[in-house]
Amino acid sequence: MIALPRPLYTAVKLTALAAAVAILAVLPRFMGEFRVGQFTFVGIYFIALLGLNILTGYSGQISLGHGAFMGIGAYVTAVLTLGRKGLVLFGHHPPSWIPLGDGMRPTLTIPIAFVVTGIVGLLFGMPALRLAGVSLALATFAVAVSLPTVAKRFDDVTGGGGGLSLPLPETPFGLHLSAPHWLYYEAWGCAAILFVVAWLLVRARVGRAWRSIRDGELAATASGVSPALYKTLAFGVSSAFAGVAGSLLAIQVAFVNPDTFPLSLSILLLASVVVGGLGSLSGVIVGALMLEFLPVYAQHPPLVGQSFSKQAPGVVFGVVLILIMFAVPAGVAGLLRRIVRPLTKPVPTVSD
Amino acid sequence: MAELLQQIVSGLASGAIYASLALALVLIYRSTDVINFAQGEMATFTTYTAWSLMHHGMSYWPAFALTLAIAFAGGVAVERVVIRPVERRPELVIVIVTIGLLLTINATIGWIWGADVKAFDSPFPNNTWDVHGVTISIQDVGTLGVCLFTVLLLWGFFRFTTVGLAMRAVAINPNASRLLAVRVGWMLALGWGLAAVLGAVAGMMAAPTVFLDPSMMLVILIYAFAAAVLGGIDSPVGAVVGGLTLGVLINLLSRYVDFVGTELRLPTALAVLLVVLIIRPQGLFGHRAVRRV
Amino acid sequence: MKKSLLVGMTVALATAVTCSSALGATRTSSSPAATPGVTSSSITIGGTFPMTGVASLYAPIPRGMDTYFNFINARKGPDGKKGVFGRKIVWKYYDDVYNPANTVQLTNQLILQDKVFAIVGSLGTDPNIAIRPILNQRKIPQIFIATGASYWGLSYKDFPWTIGWQPDYIAEGIAYGRWIVKNAPNAKIAVLYQNDDYGKDYLRGLKIGLARKTSLIVSEQGYEITDASYASQISRQKASGADTWVLLTTPTPTVRAIATAKALAWKPNTIVINSVSAIDTVMAAAVARAGADFVAGAISTTYLKNVTNPKYAKDPWVRQYRQLVSKYGPQGVEVNNGNTYYGVAKAYDIVKVLYLAGKHPTRQSLMAATLKMNWVNPYAIKGVKVKTGKTDHFPLSQVRLIRYGNGSWSEFGPLIKGR
C-alpha cells in the first residue's frame, strides 16, 4: 500500500469535501422538481443526523427522542410563521403571555427554532445527567412518545390534532429561483453552516471532552473534564440541530401536526446514524440518503415483486436494515476508515 | 371510596399486562445485556400463531403449549440467525438490529393475518366478582396470578438452577464464563428462547382484553419498557412491581388530577417515573454498578 | 487551528459557488403540454393510503378500487370500448402510514413523477389537509377524499379543487343525537370518544343532534391511541349511572371498550356504535368476548349495502361485487371486508365522473363533473342518491339507521338526510 504523507491526505480530504459541496450545489440543474424535493429532505435529515451523531456518536448518550426535538423546531416555525393573527384565523386562541408576533418570514424562524430547541435540549440534558444507558434511552423515548399528546393537549398554540397549515413555500427576497430550488438551497445552506459548526466543535476542546467522556467517564473526570457540563452541552447542541431540521421540514411540507413526528421517526433517525457511522461526520450523508430513499425503495423494490411490497414494505425495510448492520456494523464511515487507514501511515522523516 | 378502589383494581389489571411483557424484556437484558425492541412484536406473532391454531380447531391448552414450544424455537432461531452475527458488536448495533426485527415482524404479521381485529380465547371464565361495590374480573385476577407465578419461576430459575447461574455468569462476563466451560453461545440463545416464551405468555394473557391486532403490543411495549426500567432493568421482581405501580399510577393520575385528565396520562406517568429514576438511577430493585478505579 | 481555517475556507468558497450557481439556476418547471395523466390510451390517477401502521385497517380500500378499475379496463363500455372512452385506468397508490409529512412527499411523487391526472380517494383528514393547499394552488383535482371530515364540503370556496365523498361524521352524529332525543328522551348518555378529529367530529355532530338536550350527556370521556386500557374511563362512565352508551371509537378500541365494560359488569341499555366500527369483524369479536346479549339492539348507521349480511346475499349488485373480486381482485384482496366493498362503491362513482368529464377530459372538466353528479350508486342502500350541485358539495349525505340482532344488522326507519 502506498503511504501518503499527512498533508497530502488532508488535501485529498479537502478536495473530496469541496467536490461534494460542488456536486450538491449544481445537482438541482440536473433533476426534476420531485428529485429536488427528495434531496431537500436529504439535507434536512443530514442536519438532524449531524446533531444525533454529536449526541450519540461523540458524547456517547443514546437518544430515542430526536424526532421529538425536530417536532419542537417545526412547531416553533409553524407558530411564528402564522403569528397570532394566523392562529386566530384558524380558530385557535393562544394565551396572551406567549410572545407571538404577527407572522414572520419562515426563513427568519430558523435561528429562533435553533435557539428554542437548543434551550429545551439543555433543560432536558440537566436532569438526564443522572440517567445512563437504559434509563436515558427510556427518558428520551418518553419525550418522543409524549410530544404528540402534549401537542394535542395545548391545542390553542399547536393547533391540536388538526395541526397547523403554513403558507405554501415562496421564494423570498425576489430571488429568481423556483420555490423548490429555493427550499433546496435553504436546506443545504443551513446544512453547510451547521456542518462547519459541528466540525469546529468536534475538533475543539468540546469535542475532545465529549470523546473522553464517551470512552470512559471515570477517566475523563479524573482528567478534569466535567461530564455534567459537557453531556448537557451535547444535548443542547444536538437538539438545536434537530430544531433546525424540524423547522426546515415544516417549511418544506407546509403542515405540522402531532402525526408528523411520530416515535418511528426517532427510531429511524437512530438507525440511520448508526448506519452512517457513529463518531464520524462524513458518514452522516449516507444515513441521510438511506433515511430518505430506503422507504421509497421498500415500496418499489426492483428485486422483489411489486405486489409483495404493497403489503409489506416494512419487511423489505427491516431486512435491509439488518443486512446493513451485518455487513457494516461500524457504519459506512467505519468501512471507509478501514479502507483508508493503510493509506495514511506516516512517512518517516529525518527528524524522527 | 369504592371508585378509588375500582381505579386501583383496574390499574393492577392493566399493570399485570405491562409487567408480563416487562419480564420478557428483563430476561433478555439480564442474559444478553441488550434491550430487545422486537420483544413486543415477537409476542404478538406468537399470539397470532396461537390464534391460528385455535382457529383450525385446536382447543386452548394444547394450542397454548404448542405456541410456547414454537415461541421457544423461534426465540432461539432469532438469536442464532439474526443476533449472533452482531453479538460482539457495540450495544447500539444490536439495538438497531432489534429495531430492524421489529419492523420486519410487524409487517409480516399484517401481511399474514391482516389488520382486522380478532377475539382471543381465555382460559379464565368471563365472569366478575363484586366485592363491596368494586368489580373484579376473573380474567384480570388470572392474568395477575400468571404474572406472579412467572416471576416466582424466574427467580427460582436464576437462583437455584445451574443453567440459570450459567446464564447470569454469561451476562456479567462472557469471557470468564467461556474459561469455565460455559457454552456462551447457547446460553444467549436460551435466554432469547425463554424470553420469547415469556412474551408469548404475556401476549396470550393480554389478548382476551386487548384483542388481537397487529399493533397490539406496540403500545404495551412502551409501558413494559417503562415498567422494566422503573423496577430495575435486571430485576424480575422489579419488573412486576414497576408494571403494577405504573398501571395504578396512570389511573389515579387521570382520575384525580384534572390537569392530567385522560390526555396527559402517559406523559405524566413517564415524567413521574423519570423523577424516580433521577433520584434512584438503578430503579427500584436494580443493582447499582459501583465502579472502582 | 490552521486546519480548521482551511476547512472553513473550503466550505465558504463552495458556498459562494453554490449561491452564484443557484442564482443562475432559474429553470422553472416545464410547462405542461397536454393534460397531465391523460393519453390517448390511458388515464392515470393516484392516491395515498395508510397501508401499514395503526390505521392500516383501511388498506383494503385501494385494493377494492383496484378491483373495479381492473374490471372497467377489461369490459366493453357503453361505447364498445374498454376502459373509459377507450382509455385504460392506471391506478397508483402509496403507503403514507398516516403521516402527513409522508403524504406530502408521496403526493408530490404522484403529481410530479407519476404525472397523475387527479388525486383520488386519498385517506385521512390530516393527510388531506396537508396536501390541500398545494393541490389547489396547482389546480389539481383532489376528489372523493376518504374520510368523514366535513371540511371538504364546507370549504369549497377557498379550495374549489377539493371535494369529499362519503356522509360526514357530523351528519352521522346528528342522526344519533336526533334518534336518542326521539326514542329515549330521558336517556342518560355516556360518550366514549377517540381524542382526535375523528372522535371530536362525531361528538360535535352528536351534540348538534341533541340540540337543546345536550344535558342528557352525563359522562364524556376521551381516550388516546396510546392508551392500553380504558378501564379508568369506563368505570367512571359506569359510576355516572348512564344507560345509553355512545361509542365514537375506531374498530379495535370499540371491541376493547365493550370487553372492558363487560369486565366491569356494566351493561348499558342502549349502545350506539359509529358506522366505521359497526363492521362484522368488530361485532364478531365483541360477541365472542362480551356475549351476543351485550350488543343486541346496538344502533348504528349505514349508506352502503352490507356485503356479509344475509339480507343482501341475493342482491344482484352484491353478487356482482363478489364476482368482480374473485375475477379482478389484486393480490391480498379480502372479499368479505367492508372496506373492500367501500373501495368498489367509490370506484363506481369515480368511473362515472370520469365519463362525465368528457371524451377529452381536462382537470377543469373533471372538477365541473364532480359538481354535476346525479345518479344512484347501486352499491349503496336503496334510496341513496349521489348528488352534487354548485352549492352542494357533499356527494353522499344520506344514511339509514341500523340495528344489530342475531348476528347481523337490519335497516330500520326512514332515510335520513345528513345535510
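Residues numbered from 1 in each chain as written. Chains lettered and ligands numbered in written order. Predicted model: local features only at pLDDT ≥ 70, side-chain atom pairs only at ≥ 80, totals over all residues.

Colleague: Please set out the overall build of chain C residue by residue, giving values where relevant.
Modeller: Regarding its fold elements, chain C presents 14 helices and 14 strands. For 419 residues, the compact-globule estimate of 2.2 N^0.38 gives 22 Å, and chain C sits close to it at 24 Å. Judged by the C-alpha coordinates and their principal axes, chain C covers about 75 × 75 × 40 Å. Taking all 419 residues of chain C together, 57% fall into the buried category. In chain C, the share of contacts with a sequence separation of at least 24, taken over all contacts with a separation of at least 6, comes to 70%. (Helix = DSSP H or I, 4+ residues; strand = E, 2+ residues; numbered from the N terminus. Rg over C-alpha atoms; globule rule 2.2 N^0.38 Å. Buried ≥ 20, exposed ≤ 12 C-beta atoms within 10 Å, placed from the backbone. Contact = placed C-beta atoms within 7 Å.)

Colleague: Go over the overall build of chain B, please, and point to the residues and values.
Modeller: When helices and strands are counted, chain B shows 11 helices and two strands. Tracing chain B from N to C terminus, the helices and strands come up as α-α-α-α-β-β-α-α-α-α-α-α-α. A globule of 293 residues ought to have a C-alpha radius of gyration of about 19 Å, and chain B, at 19 Å, matches this closely. Viewed in the frame of its principal axes, chain B has a C-alpha envelope of about 60 × 55 × 35 Å. Within the span of chain B, comprising 293 residues, buried residues form 58% of the whole. Long-range contacts, defined as pairs at least 24 residues apart, comprise 74% of the intrachain contacts of chain B with a sequence gap of at least 6.

Colleague: I'd like to hear about the sheet that holds strand β1 (residues 42-49) of chain C, residue by residue, with values.
Modeller: Residues and elements named next belong to chain C. Across the sheet, five strands lie side by side as β2-β1-β3-β4-β5; this open sheet has parallel pairing. A strand with exactly one partner marks an edge of an open sheet, and here the two such strands are β2 (88-95) and β5 (162-163). Pairing between β1 and β2: eight bridges, direction parallel. What sits directly across from Ser42, in β2, is Lys88. Lying on the sheet, helix α3 (residues 100-113) is in contact with β1, β2 and β3 (118-120); it crosses β1 at an angle near 175 degrees. (Pairing = 2+ DSSP bridges. Axes fitted to C-alpha atoms, helices over the stretch in contact; angles between N-to-C directions.)

Colleague: I'd like a rundown of the domain arrangement of chain C, residues and numbers included.
Modeller: Interface size is commonly expressed as the accessible surface area that is lost when the partners come together. Residues and elements named next belong to chain C. The assigned domain composition of chain C is domain 1 (42-167 + 311-388) and domain 2 (169-302 + 402-417). One C-alpha centre belongs to domain 1, the other to domain 2; they are set 29 Å apart. Facing the 13 residues of domain 1 at the interface are 14 residues of domain 2. When the residues that make up the side of domain 1 that touches domain 2 are grouped by side-chain class, the tally is six nonpolar, five polar and two charged. (Domains from an automatic or database assignment. Nonpolar A, V, L, I, M, F, W, Y, C, P; charged D, E, K, R; others polar.)

Colleague: Any chance you could break down the interface of chain C and chain B for me, citing the residues and the numbers?
Modeller: Taken together, the contact between chain C and chain B spans 34 residues of the former and 38 residues of the latter. The set of elements that each furnish at least two residues to the side of chain C that touches chain B consists of β7 (217-223), α8 (231-239), α9 (251-263) and α10 (280-290) of chain C. Here the residues of the side of chain C that touches chain B are counted per class, giving 16 nonpolar, 12 polar and six charged.

Colleague: Quick rundown of the pairing of strand β13 (residues 398-405) of chain C? Include the residues and the values.
Modeller: Residues and elements named next belong to chain C. When strand β10 (residues 299-302) meets β13, the two strands line up antiparallel, connected through four bridges. Pairing of Thr302 across the sheet is with Arg400, part of β13. Taken together, the eight bridges between β13 and strand β14 (residues 408-417) define a ladder with antiparallel strand orientation. By the bridge assignment for β14, Val399 is matched with Ile416.

Colleague: Go over the packing of helix α2 (residues 39-55) of chain B against helix α9 (residues 216-231) of chain B, please, and point to the residues and values.
Modeller: All names here are of chain B. Taken N-terminus to C-terminus, the directions of α2 and α9 make an angle of 140 degrees; their axes are 8 Å apart at the nearest point. Considering the angle they form, α2 stands oblique to α9. The way α2 lies across α9 gives a crossing that is right-handed. Contacts from Gln39, Gly40, Glu41, Ala43 and Thr44 in α2 reach Met216, Met217, Leu218, Ile220 and Leu221 in α9. Here the residues of the contact of α2 with α9 are counted per class, giving six nonpolar, three polar and one charged. (Parallel < 35°, antiparallel > 145°, perpendicular 65-115°, else oblique. Left-handed = near helix turned anticlockwise from the far one by under 90°.)

Colleague: Hey, could you go over α2 of chain B for me, with residue numbers and the actual values?
Modeller: Residues and elements named next belong to chain B. In this model α2 runs 24 Å from its N-terminal to its C-terminal C-alpha over 17 residues, within 8% of the 24 Å that 1.5 Å per residue would give. Judged by how many residues are buried, α2 sits mostly within the fold: 13 of 17 residues are covered. Trailing α2 by a residue or two, Gly57 shows a phi angle of about 110 degrees, which is positive. (Expected span 1.5 Å × (residues − 1).)

Colleague: With reference to specific residues and values, describe unusual backbone geometry.
Modeller: Residues and elements named next belong to chain C. At Val97, a residue that is not glycine, the phi angle is positive and equals roughly 50 degrees. Tracing the backbone through its elements, the reader meets Val97 in the loop between β2 and α3. Its identity is not glycine, yet Asn406 carries a phi of approximately 55 degrees, on the positive side. Locating Asn406 in the fold gives a position in the loop between β13 and β14. Of the residues examined, Asn406 has 9 C-beta atoms within 10 Å and is grouped as exposed.

Colleague: Which residues make up the pairing of strand β8 (residues 244-248) of chain C, and what values go with them?
Modeller: Regular strands place their side chains on alternate faces of the sheet. Residues and elements named next belong to chain C. Of all five residues that make up β8, five are buried, and the element is covered over most of its length. Neither face of β8 is open: one carries Thr244, Val246 and Leu248, the other Trp245 and Leu247, and all of them are buried. Of the strand pairs in this sheet, strand β6 (residues 189-194) and β8 are connected by five bridges, and their pairing is parallel. Pairing of Val191 across the sheet is with Val246, part of β8. Judged from the four bridges that link them, β8 and strand β9 (residues 270-273) form a sheet pairing that is parallel.

Colleague: So what's going on with α9 of chain C? Residues and values would help.
Modeller: Given 3.6 residues to a turn, an α-helix orients residues that are three or four positions apart in the same direction. In this model, α9 of chain C (13 residues) spans 19 Å end to end at C-alpha, consistent with the 18 Å of a helix rising 1.5 Å per residue. Just downstream of α9 of chain C, Ala265 of chain C is the residue with a positive phi angle, here 55 degrees.

Colleague: Which residues make up the confidence of the model for chain C, and what values do they have?
Modeller: All names here are of chain C. Residue-level pLDDT values for chain C average 88, and 92% of them are 70 or greater. Mean pLDDT across the elements of chain C bottoms out in helix α1 (residues 2-24) (49) and peaks in β3 (97). Here residues 17-32 is a poorly scored stretch, pLDDT under 50, and it has 21 contacts once near neighbours within four places are set aside; other chains count. For this predicted complex, the interface confidence score (ipTM) comes to 0.88, while the overall pTM stands at 0.88. (pLDDT = per-residue confidence, 0-100.)

Colleague: Describe the environment of Glu217 of chain A, naming the residues involved and giving the relevant values.
Modeller: Looking at where Glu217 of chain A falls in the secondary structure, it is placed in helix α9 (residues 217-222). Sequence separation of Glu217 of chain A and Leu183 of chain A is 34 residues, and the distance between their C-alpha atoms is 41 Å.

Colleague: Let's hear about the packing of helix α6 (residues 169-183) of chain C against helix α7 (residues 197-210) of chain C: which residues, and what values?
Modeller: To characterise two packed helices, one gives the angle between the axes of the helices and the distance between these axes. All names here are of chain C. Axis separation between α6 and α7 bottoms out at 6 Å; the angle between their running directions is 40 degrees. The angle between α6 and α7 places the two elements in the oblique class. Judged by the sense of rotation from one axis to the other, the crossing of α6 with α7 is right-handed. From α6, Tyr169, Ile170, Ala171, Glu172, Gly173, Ile174, Ala175, Tyr176, Gly177, Arg178, Ile180 and Val181 reach across to α7, where they touch Tyr198, Asp201, Tyr202, Leu203, Arg204, Gly205, Leu206, Lys207, Ile208, Gly209 and Leu210. Each residue belonging to the contact of α6 with α7 can be placed in one class, and the counts come to 14 nonpolar, four polar and five charged.

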